[in-house]
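Structural overview for review
One letter stands for each residue in the lines below.
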Amino acid sequence: LSVEKINLLNSIGFDWDPNETEWQNQFKELKEFKNEHGHASPPVKSTGLGRFIILVRTNYKKGTLPQEKIDLLNSIGFDWDPLETQWQNQFNDLKEFKKEHGHVSPNVNEPGLGRWCLTQRTNYKAVKLSQEKINLLESLDFIWDPFQDAWNNKYTELKIFKKENGHTNVPQSHSLLGEWISKQRVAYNKKKLSQERINLLESIGFVWDPLKQK
């Protein structure tokens, strides 16, 4: 293209790279969003800007986003992986929960941190949780199976009772432990108690039918 024609086109503001112009316009809109909302993560369902950030993240993962544009987005605190950021935020919340309560088992029926912990256990069982995240959670003594943990705690309590009293016939005054023992006997009679648990209880002389023993 001759210099003369180039100059003529430039004189009327001809756009030589409309894709680049569109990118810059969207980036400018994202900066304005950041100034208004304090972050650079608009909802991905929003039209225009939402599609723009999806495309940016996709190209970044593919390694096709120029470093110049990466630097521009980093300059406004762009979140390249919001799911990972959300996970880290929830993990930090769990650390604070442990400092306050001394354990990492919030109520799973409550929205927020409780539901998040339930999701981690589900992903762990489905082998969908990275080893890095497993290590982070275990650094807080995270309980992967709260039901098993509760059973183990009661079993330990029964072992202590046996050591102190020489038998496993817990009186009614130990209401919670006595209730747990009753549940084990019911599960045993219904053949719903695992062999592993049967073996553990029998190893400390547990009596399945106290009436027969008498």
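Shown above is the structure to which this text applies.
Only a predicted model underlies this, so the values are computations on that prediction, with no experimental measurement involved.

Right, let's talk about the overall build of the protein chain for a bit. Within the protein chain one finds eleven helices and zero strands. When its helices and strands are written in sequence order, the protein chain yields α-α-α-α-α-α-α-α-α-α-α. The C-alpha atoms of the protein chain give 30 Å as radius of gyration, which overshoots the globular expectation for 214 residues (17 Å, by more than 25%). Seen through its principal axes, the protein chain has C-alpha atoms that stretch 110 × 30 × 25 Å. If you take every contact in the protein chain between residues at least 6 apart in sequence, the share linking residues at least 24 apart comes to 40%. For the protein chain, the accessible surface area stands at approximately 14800 Å², while carbon and sulfur atoms represent 52% of it. Averaging the coordinates of the 30 positive side-chain charges in the protein chain and doing the same for the 28 negative ones gives two points 11 Å apart.

On to the packing of helix H8 (residues 146-165) against helix H10 (residues 195-202). One can describe the packing of H8 onto H10 by two numbers: an axis separation of 11 Å at closest approach and a directional angle of 15 degrees. Between H8 and H10, the crossing angle belongs to the class labelled roughly parallel. Read as a crossing pair, H8 and H10 show a hand that is right-handed. Counted together, Gln148, Trp151, Tyr155 and Leu158 of H8 and Arg197, Leu200 and Leu201 of H10 form the full contact between these two elements. Taken together, the residues of the contact of H8 with H10 break down into five nonpolar, one polar and one charged.

Relative to the helices and strands, His39 resides in the loop between helix H2 (18-37) and helix H3 (49-62). What makes His39 partly exposed here is its relative accessible area of 36%. Taking the C-alpha atoms as reference, His39 lies 8.1 Å from Ile76; in sequence the two are 37 residues apart. If sequence neighbours within four positions are ignored, His39 has contacts with Phe33 and Lys34. Within the structure, the side chain of His39 is placed 3.1 Å from the backbone nitrogen of Ser41, a separation counted as a polar contact.

Another point: the environment of Glu96. In this fold, Glu96 is placed in helix H5 (residues 82-101). Overall, the relative accessible area of 46% leaves Glu96 in the partly exposed class. For Glu96 and Gln172, which are 76 residues apart along the polypeptide, the C-alpha to C-alpha distance reads 38 Å.

Another point: H3. Side chains three or four residues apart in an α-helix point the same way, a direct result of the helix having 3.6 residues per turn. For H3, built from 14 residues, the straight-helix expectation of 20 Å at 1.5 Å per residue is met to within 8% by its first-to-last C-alpha distance of 20 Å. Burial in H3 covers these residues: Leu49, Gly50, Phe52, Ile53, Val56 and Arg57. An end-on view of H3 places all buried positions within 160 degrees of arc, on one side of the element. Those residues of H3 that are exposed and aimed more than 90 degrees away from the buried face are Arg51 and Lys62. For H3, the secondary structure elements touched by its buried residues are H2, helix H4 (67-74) and H5. Looking at the residues trailing H3, positive phi occurs at Gly63, about 80 degrees.

With 20 residues, H2 should cover 28 Å at 1.5 Å per step; its first-to-last C-alpha distance of 28 Å lies within 8% of that length. Buried within H2 are the following residues: Trp23, Gln26, Phe27, Leu30 and Phe33. Along the axis of H2, the buried residues cluster in a sector spanning 115 degrees; they form a single face. Counted as exposed and oriented over 90 degrees from the buried face of H2: Pro18, Lys28, Asn35 and Glu36. Contact partners of the buried residues in H2: H3 and H4. Positive backbone phi, approximately 85 degrees, marks Gly38, located one or two places after H2.

Basis of the calculations
Residues numbered from 1 in each chain as written. Predicted model: local features only at pLDDT ≥ 70, side-chain atom pairs only at ≥ 80, totals over all residues. Heavy atoms only, no water. Helix = DSSP H or I, 4+ residues; strand = E, 2+ residues; numbered from the N terminus. Rg over C-alpha atoms; globule rule 2.2 N^0.38 Å. Contact = heavy atoms within 4.5 Å. Areas by Shrake-Rupley, 256 points an atom, 1.4 Å probe, with all protein chains shown as cover. Lys, Arg positive; Asp, Glu negative; His and termini not counted. Charge placed at Lys NZ, Arg CZ, Asp CG, Glu CD. Axes fitted to C-alpha atoms, helices over the stretch in contact; angles between N-to-C directions. Parallel < 35°, antiparallel > 145°, perpendicular 65-115°, else oblique. Left-handed = near helix turned anticlockwise from the far one by under 90°. Nonpolar A, V, L, I, M, F, W, Y, C, P; charged D, E, K, R; others polar. Buried < 20%, exposed > 50% of the residue type's maximum accessible area, 1.4 Å probe, protein only. Polar contact = N/O pair within 3.5 Å; in protein donor to acceptor, adjacent residues only side chain to side chain. Expected span 1.5 Å × (residues − 1). Arc of directions from axis to C-beta.

Geometry only, nothing functional implied.
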